[in-house]
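Chain by chain, the residues:
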Amino acid sequence: QYFEQVVARLDARPDVVSAAATFEVPLGGGGYRVWQGFEITGHPETGRQQTLAVSNIVTPDFFATMEVPVRTGRGLTEQDRAAPVAVVSEAFARTFLPGENPVGQHIRLEGDPTLLEIVGVVGDVKHSGLGQPAPPFMYTSLLQQPAVYPGGAIVAHLWQTLAIRTAPGAHRGDLAQSVKKIVS
């Protein structure tokens, strides 16, 4: 996949600590936020009402690059290509699974028959502004997305943003030129 190759080439640079691709960058301004309907297995109330959380499609290094802490379980990995998994935010856990351990539970996204196992809970991220509460988030791996996805998620392959954590002392101008070459 294109973004997987771009991230790997960026990660290989000595002036890059880590890189990731994401559908939505925290505090990125604008962008396209996807509120996704879902159902939690064993929680029929989530299927009867309009239950929504923000869905973000990311590469495995997203949490490390953005320094989003994993609170319970684990983040996404390269090994998750075949296993349909998701990571949820603390706001998701508080809102939809209060008092329960989300890890090991299963969710089904609206319009998709696939059951996703929740493998981790990450810290909340302020996406809309520092004064705004963090919405509930579900994160899935870009590496799990087929080229053509039911429900129109092909946009995940077309509309990704690169997040790059640079090493101390990295020269932004040199990095910017390298990024231009890598993505072209």
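Residues numbered from 1 in each chain as written. Predicted model: local features only at pLDDT ≥ 70, side-chain atom pairs only at ≥ 80, totals over all residues. Heavy atoms only, no water.

**Focus on the overall build of the chain**
Thought 1: Tallying secondary structure elements over the chain gives six helices and nine strands in all.
Thought 2: Considering the chain as a whole, with its 184 residues, one finds that 45% of them fall into the buried category.
Thought 3: Partitioning the contacts of the chain with sequence separation of at least 6, the portion at a separation of at least 24 is 73%.
Thought 4: When the accessible surface of the chain is split by element, carbon and sulfur atoms take 54% of a total near 9,300 Å². (Helix = DSSP H or I, 4+ residues; strand = E, 2+ residues; numbered from the N terminus. Buried < 20%, exposed > 50% of the residue type's maximum accessible area, 1.4 Å probe, protein only. Contact = heavy atoms within 4.5 Å. Areas by Shrake-Rupley, 256 points an atom, 1.4 Å probe, with all protein chains shown as cover.)

**A look at helix α1 (residues 2-11)**
Because the α-helix completes a turn every 3.6 residues, residues three or four places apart line up on one side.
Thought 1: Within the span of α1, buried status applies to Phe 3, Val 6, Val 7 and Leu 10. Projected onto a plane normal to the axis of α1, the buried residues spread over an arc of 95° and lie on a single side. (Arc of directions from axis to C-beta.)

**What about the packing of aromatic side chains?**
Thought 1: One pass over the structure, following the stated rule, counts seven aromatic pairs.
Thought 2: When the ring of Phe 63 is compared with that of Tyr 139, the centres are 5.0 Å apart and the planes differ by 80°; the resulting orientation is edge-to-face. Highlighted residues: Phe 63 in helix α3 (residues 62-65) and Tyr 139 in strand β8 (residues 137-141), separated in sequence by 76 residues.
Thought 3: When its relative accessible area of 4% is taken as the criterion, Phe 63 is described as buried.
Thought 4: A relative accessible area of 0% means that Tyr 139 is categorised as buried.
Thought 5: Relative to Tyr 139, the ring of Phe 137 has its centre 5.4 Å away and its plane inclined at 20°; by these criteria the two rings are stacked. (Phe/Tyr/Trp six-rings, centres within 6.5 Å; stacked < 30°, edge-to-face > 60°.)

**A look at the side chain of Asp 80**
Thought 1: Topologically, Asp 80 is positioned in the loop between β4 (70-73) and β5 (85-89).
Thought 2: In terms of polar contacts, Asp 80 uses its side chain to reach the backbone amide nitrogen of Thr 77, at 2.8 Å.
Thought 3: Ignoring anything within four residues of it in the chain, the contact list for Asp 80 reads Arg 74, Gly 75, Val 85 and Gln 144. (Polar contact = N/O pair within 3.5 Å; in protein donor to acceptor, adjacent residues only side chain to side chain.)

**Digging into the pattern of salt bridges**
Thought 1: For the structure shown, the criterion picks out seven salt bridges.
Thought 2: Glu 67 is paired through a salt bridge with Arg 165; the nearest N and O atoms lie 3.7 Å apart. With a gap of 98 residues between them, Glu 67 in the loop between α3 and β4 and Arg 165 in strand β9 (residues 161-166) connect regions that are remote in the sequence.
Thought 3: Among the residues examined, Glu 67 registers a relative accessible area of 56% and is labelled exposed.
Thought 4: By relative accessible area, Arg 165 is classed as partly exposed at 29%.
Thought 5: Note that Arg 81 is salt-bridged to Glu 78, the shortest N-O span being 3.2 Å.
Thought 6: Given the relative accessible area of 41%, Glu 78 is considered partly exposed.
Thought 7: Taken together, the shared-partner salt bridges connect Glu 4, Glu 78 and Arg 81 into one network. (Salt bridge = Lys/Arg side-chain N within 4 Å of Asp/Glu carboxyl O.)

**Some remarks on the pairing of strand β7 (residues 115-122)**
Thought 1: Burial analysis of β7 places six of its eight residues in the buried class, which makes it a mostly covered element.
Thought 2: With three bridges joining them, β4 and β7 adopt antiparallel strand pairing. Residue pairing for β7: Val 70 is matched across the bridge by Val 122.
Thought 3: Note: β5 against β7, five bridges, orientation parallel. Looking at β7, one finds that Val 88 is bridged to Val 121.
Thought 4: Bridge count for strand β6 (residues 106-109) against β7 is three bridges, and the pairing is antiparallel. From the neighbouring strand, Ile 107 faces β7, where its bridge partner is Leu 116.
Thought 5: Taking the residues that link successive antiparallel strands as the turn, the β6-β7 hairpin has five residues, and the phi of Gly 111 there is positive, at about 85°. (Pairing = 2+ DSSP bridges.)

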